[in-house]
Amino acid sequence: MRRGLRFVPLALLAAVLLELVVFVAVGRAIGFGSTLLAVFAASLLGLVLLRREGMRAWRGFKASAQAGQPPGRQVTDGLVGLLGALLLALPGLLSGVVGVLLLVPPVRRLARGGVQRAAERRVSSMVAGDLFGPRRVRVRRGAAAPAEPQPAEPTVVVDGGRAIEGEIVEPGRN
């Protein structure tokens, strides 16, 4: 992770330059005053949405905690909403467009899934289970022969063959 951090200043510089290029291009197309007004309006809307998304995230977290459910989904949804509102609040047309996209429900759902997968990769399976609940896993019988010989005992079917919620414990992981 530390290797990627060395590129953050370069990425921020590139983002600022790209925002400037987009601002000048839009300013030439619709006029400087209209472009400046659009940036201020987007920033104002972002500040209002930042408060709303923060309150929404807190209420969702609190409700799931009181219901005894894993809060991970509400937390990741709140983080994506807060990021979208923050990007909209930043002065810039390009960041505003990305912020608005993160607030659109289908895009927000995709981003939430990405944030959840990234969080699950970085924490232990036990912590991920506490945050996001038990993982649902589909097991399919493959056509390949097993590497180990099958036991002579008959297979036991638990719960009438219904799916069982649980956790996969990988060897070597905590």
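Everything below is about the structure printed above this text.
About the cut-offs
Residues numbered from 1 in each chain as written. Predicted model: local features only at pLDDT ≥ 70, side-chain atom pairs only at ≥ 80, totals over all residues. Heavy atoms only, no water. Helix = DSSP H or I, 4+ residues; strand = E, 2+ residues; numbered from the N terminus. Buried < 20%, exposed > 50% of the residue type's maximum accessible area, 1.4 Å probe, protein only. Contact = heavy atoms within 4.5 Å. Areas by Shrake-Rupley, 256 points an atom, 1.4 Å probe, with all protein chains shown as cover. Patch = residues over 30% accessible without salt bridge, like charges linked within 9 Å, V, L, I, M, F, W, Y side chains within 5 Å. Salt bridge = Lys/Arg side-chain N within 4 Å of Asp/Glu carboxyl O. Phe/Tyr/Trp six-rings, centres within 6.5 Å; stacked < 30°, edge-to-face > 60°. Core = buried A, V, L, I, M, F, W, Y, C linked by side-chain atoms within 4.5 Å.

Draft legend 1. Examining the overall build of the protein more closely. Counting secondary structure elements, the protein contains seven helices and zero strands. Its helices and strands taken in sequence order, the protein reads α-α-α-α-α-α-α from the N to the C terminus. Within the protein, buried positions represent 22% of all 174 residues. Here the contacts in the protein between residues at least 6 apart in sequence split such that 63% fall between residues at least 24 apart. If you sum the accessible surface of the protein, you get close to 13400 Å²; carbon and sulfur atoms cover 66% of it.

Draft legend 2. Representation of a nonpolar patch on the surface within the structure. The grouping of F7, L10, L13, L17, L20 and V24 at the surface amounts to a nonpolar patch, some 590 Å² of accessible area in total. Note that L17 resides in helix α2 (residues 8-30).

Draft legend 3. Highlighting the side chain of T76. Structurally, T76 is set in helix α4 (residues 72-89). The contacts of T76, once residues within four sequence positions are left out, are R112, V115, Q116 and F132.

Draft legend 4. Main features of the packing of aromatic side chains. Taken as a whole and judged by the stated rule, the model has two aromatic pairs. Between F23 and F32, the ring centres sit 5.9 Å apart and the planes meet at 90°, which makes this aromatic pair edge-to-face. Aromatic pair W58 and F61: ring centres 5.8 Å apart, planes at 35°, arrangement tilted. Here W58 pairs with F61, and both are found in helix α3 (residues 32-66), just three residues apart, close to one helical turn. Here F61 falls in the partly exposed class, since its relative accessible area comes to 31%.

Draft legend 5. Structural detail: the nonpolar core. A42, L49, A85, L88 and L103 together form the largest nonpolar core, which totals five residues. Not counting chain neighbours up to four residues away, the residues in contact with A85 comprise G46, L49, L50, E53 and L103.

Draft legend 6. A look at the side chain of S95. Position of S95 relative to the elements: it lies in helix α5 (residues 93-103). If we skip the residues at most four places from it in the chain, S95 touches E19, L87, L88 and L90.

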